[in-house]
Amino acid sequence: MNEPNSAPAAAAATDAAGASGAFGGAGVAGVVGVVGAGTMGTGIAQCLAEAGHRVIVVDPEESALATAPARLRDGIRLARMFRKQPAAVAMDAALDAVTWAQSPQDLADARFVLECAPERIPLKEKVFRELDDACRGDAVFATVTSAIPVERLAAQTGRPRQVLGMHFMNPAPLKEAVEVIRGPRTADETLDTALALLAGLGKTGIVVSDAPGFVSNRVLMLTINEAATVVEQGTADAATVDRIFQDCFGHTMGPLATGDLIGLDTIVDTLYVLLECTGDERFQPCGQLRDLVAAGHAGRKTGQGFHRYGTV
């Protein structure tokens, strides 16, 4: 694991950040941690590394860590094809800035940690308890949960004022806006630090209050579930459903293609979280979604979901 920057460097970074906070620009002192080396965790690690941060990604699964460096390299190449502005650092420097590890103890020096574990409440609660034990007392924790209320996870720690939500959209390196969720006990300083970190990544944080699903997924998950139900009932096929939203409403992507991009397994997990947290039966995943996931058709990442994709 890389050693933390020196005290003079830390002071210089803080001065440069000014009113934006300690994470207001590239090259700031300290380590940023990411929990989870899946699609979202690797994408966020890429954003951080390309902005000049040193990153430690923790995942207990050896299989995820084995493929993560190659996925990170591919992500950087892809982003540089589509991004309008050049990255702050060269590709090799960004790759070298990321360290891969298996234990939360490797995040002992991290000043900011983004949790990207799978969307299951008991698992995320366990991760937050482990982070609270492993990390320095002044570290900020951000959950990248799709739907779990921030307060439920903050309550697993002894630092609820230092916990908030940062809901990145997929693919994280190409999306400029992030839904930032302020929990009922999130401190002003915590929110300021998170917004400054995002600004340093070239992203804008849109702040909302804490609730199951927040704004984005409280609405989007219902839309995807109902669109899948329309296909299940034979009203229209998936291509037609998506075309209605694109041609009639001007959406860049229809709801079922959006589900494929997010991952249908993640959609089902998120719907179950919303069902548990709200008690609203509208969030019960429809049979079409459950059947696709059970068959291993999770969307773009598997090559097939509601639509077929040429490459994974």
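Quick caveat: nothing in here was measured; it's all calculated off a predicted structure. (Residues numbered from 1 in each chain as written. Predicted model: local features only at pLDDT ≥ 70, side-chain atom pairs only at ≥ 80, totals over all residues. Heavy atoms only, no water.)

**A word on the overall build of the protein chain**
Going by this rule: Secondary structure elements are defined from DSSP: runs of H or I of at least 4 residues count as helices, runs of E of at least 2 residues count as strands, and each element is numbered from the N terminus. Three labels apply to residues, based on accessible area from a 1.4 Å probe with only protein chains included: buried if under 20% of the type maximum, exposed if over 50%, partly exposed otherwise in between. Only heavy atoms enter the contact rule, under which two residues are in contact if any of them lie within 4.5 Å. Each accessible area is a Shrake-Rupley estimate made with a 1.4 Å probe; only the visible protein chains count as cover when residues are assessed.
Secondary structure assignment for the protein chain yields twelve helices and eight strands. Considering the protein chain as a whole, with its 312 residues, one finds that 49% of them fall into the buried category. In the protein chain, of all internal contacts separated by at least 6 residues, the share reaching a separation of at least 24 is 68%. Accessible surface computed for the protein chain: about 14000 Å², of which carbon and sulfur atoms make up 52%.

**Comments concerning the sheet that holds strand β8 (residues 204-209)**
We apply this condition: The pairing criterion is simple: DSSP has to find at least two bridges between the two strands. Throughout, an axis means a line fitted to C-alpha atoms (over the contacting stretch in the case of helices), and angles, computed between N-to-C directions, take values from 0 to 180 degrees.
The strand order β3-β2-β1-β4-β5-β6-β7-β8 describes an open sheet built from eight strands, whose pairing is mixed. Strands with a single pairing partner mark the edges of an open sheet, and in this sheet they are β3 (98-101) and β8. Here the average twist between neighbouring strands, direction ignored, is 25°. Sheet contacts for helix α3 (residues 62-82): β2 (54-58) and β3; angle to β3, the most-contacted strand, approximately 165°. Seen against the sheet, helix α5 (residues 121-134) touches β1 (31-35), β4 (110-115), β5 (140-143) and β6 (163-167) and runs at an angle of roughly 170° to β5.

**Some points on the packing of aromatic side chains**
Our working definition: Between 30 and 60 degrees the pair is tilted, below 30 it is stacked and above 60 it is edge-to-face, where a pair is any two Phe, Tyr or Trp rings, Trp via its six-membered ring, whose centres lie within 6.5 Å.
Counted according to the given criterion, the structure contains two aromatic pairs. An angle of 75° between the planes, with centres 6.1 Å apart, marks the rings of F128 and F141 as edge-to-face. Of the two residues, F128 sits in helix α5 while F141 sits in strand β5, which places them 13 residues apart along the sequence.

**Description of a nonpolar patch on the surface**
This is how it is decided: Within this analysis, patches are made of residues with over 30% relative accessible area and no salt bridge. Like charges are joined at 9 Å or less; nonpolar side chains (Val, Leu, Ile, Met, Phe, Trp, Tyr) at 5 Å or less. Basic side-chain nitrogens of Lys or Arg form a salt bridge, by our definition, when they fall within 4 Å of a carboxyl oxygen of Asp or Glu.
There is a patch of nonpolar side chains on the surface, built from L78, M81, F82 and L174 and spanning about 430 Å² of accessible area. Position of L78 relative to the elements: it lies in helix α3. Looking at L78, the relative accessible area reads 43%, which means it is partly exposed.

**Focus on the nonpolar core**
How we decide: What we call a nonpolar core is a set of buried Ala, Val, Leu, Ile, Met, Phe, Trp, Tyr and Cys residues that are connected through their side-chain atoms within 4.5 Å.
The biggest cluster of nonpolar side chains holds 46 residues, and the ones touching the most others in it are L107, V113, L131, F141, L256, L289 and F306. A total of seven residues in this core trace back to one element, the largest contributor, which is helix α11 (residues 264-278). Apart from the residues within four sequence positions on either side, L289 is in contact with N225, A228, L264, I267, V268, L271 and F306. Residues V32, L65, L72 and V144 belong to the second largest nonpolar core, which totals 39 residues.

**Some points on the confidence of the model for the protein chain**
Should the pLDDT be low somewhere, the predicted coordinates at that spot are not to be read in detail. Applied cut-off: In predicted models, pLDDT denotes the confidence assigned by the predictor to each residue on a 0 to 100 scale.
In the predicted model, the protein chain carries a mean pLDDT of 90, and 89% of its residues have values of at least 70. Counting contacts from residues 1-21, a segment whose pLDDT is below 50, to residues more than four positions away or on other chains yields 21 contacts. In the model, residues 24-29 has pLDDT below 50 throughout and makes 19 contacts with residues more than four positions away in sequence or in other chains.

**Digging into the pattern of salt bridges**
In the structure shown here, the tally under the stated rule is 15 salt bridges. Ionic pairing is found between E115 and K124, a salt bridge with its closest N-O pair at 2.4 Å. Judged by relative accessible area, which is 0%, E115 ranks as buried. Here K124 falls in the buried class, since its relative accessible area comes to 1%.

**Description of the packing of helix α8 (residues 216-232) against helix α9 (residues 238-248)**
Stated precisely, the cut-off is as follows: The scheme is simple: roughly parallel for angles under 35 degrees, roughly antiparallel for over 145, roughly perpendicular for 65 to 115, oblique for anything else. A crossing counts as left-handed when the near helix is turned anticlockwise from the far one by less than a right angle, and as right-handed when that turn is clockwise. Three classes are used: nonpolar for Ala, Val, Leu, Ile, Met, Phe, Trp, Tyr, Cys and Pro, charged for Asp, Glu, Lys and Arg, and polar for all others, with Gly counted as polar.
Running from N to C, α8 and α9 point in directions that differ by 135°, and their axes come no closer than 9 Å. The angle between α8 and α9 places the two elements in the oblique class. Read as a crossing pair, α8 and α9 show a hand that is right-handed. Where α8 abuts α9, its residues T223, A227, V230 and V231 lie against A238, V241 and F245. Of the residues belonging to the contact of α8 with α9, the class tally is six nonpolar, one polar and no charged.

**Focus: α9**
How we decide: As used here, the arc is the angular range of directions from the helix axis to the C-beta atoms.
Of the positions making up α9, those classed as buried are A238, V241 and D242. What you see down the axis of α9 is that its buried residues fit within an arc of 90°, all on one side. Facing away from the buried side of α9 by more than 90 degrees, the exposed set consists of R243, D247 and C248. The first or second residue beyond α9 is G250, which carries a positive phi of 75°.

**Some points on α3**
The criterion, for reference: Given the number of residues in a helix, its expected span is that number minus one, multiplied by 1.5 Å. Two axes are fitted around each residue, one to the seven residues ending there and one to the seven starting there, and the angle between them is reported as the bend at that residue.
In a regular helix each residue adds 1.5 Å, so 21 residues correspond to 30 Å; α3 covers 31 Å between its end C-alpha atoms and thus fits that length. The largest bend along α3 measures about 40° and falls at A68, with the proline P69 one to four residues further on. Turning to α3, its buried residues are A64, L65, A68, L72, G75, I76 and A79.

**Examining unusual backbone geometry**
In this chain, N170 is followed by P171 through a cis amide linkage whose omega measures 0°. By secondary structure assignment, the location of P171 is in the loop between β6 and β7 (177-182). Although it is not a glycine, F214 sits at a positive phi angle of roughly 60°. Structurally, F214 is set in the loop between β8 and α8.

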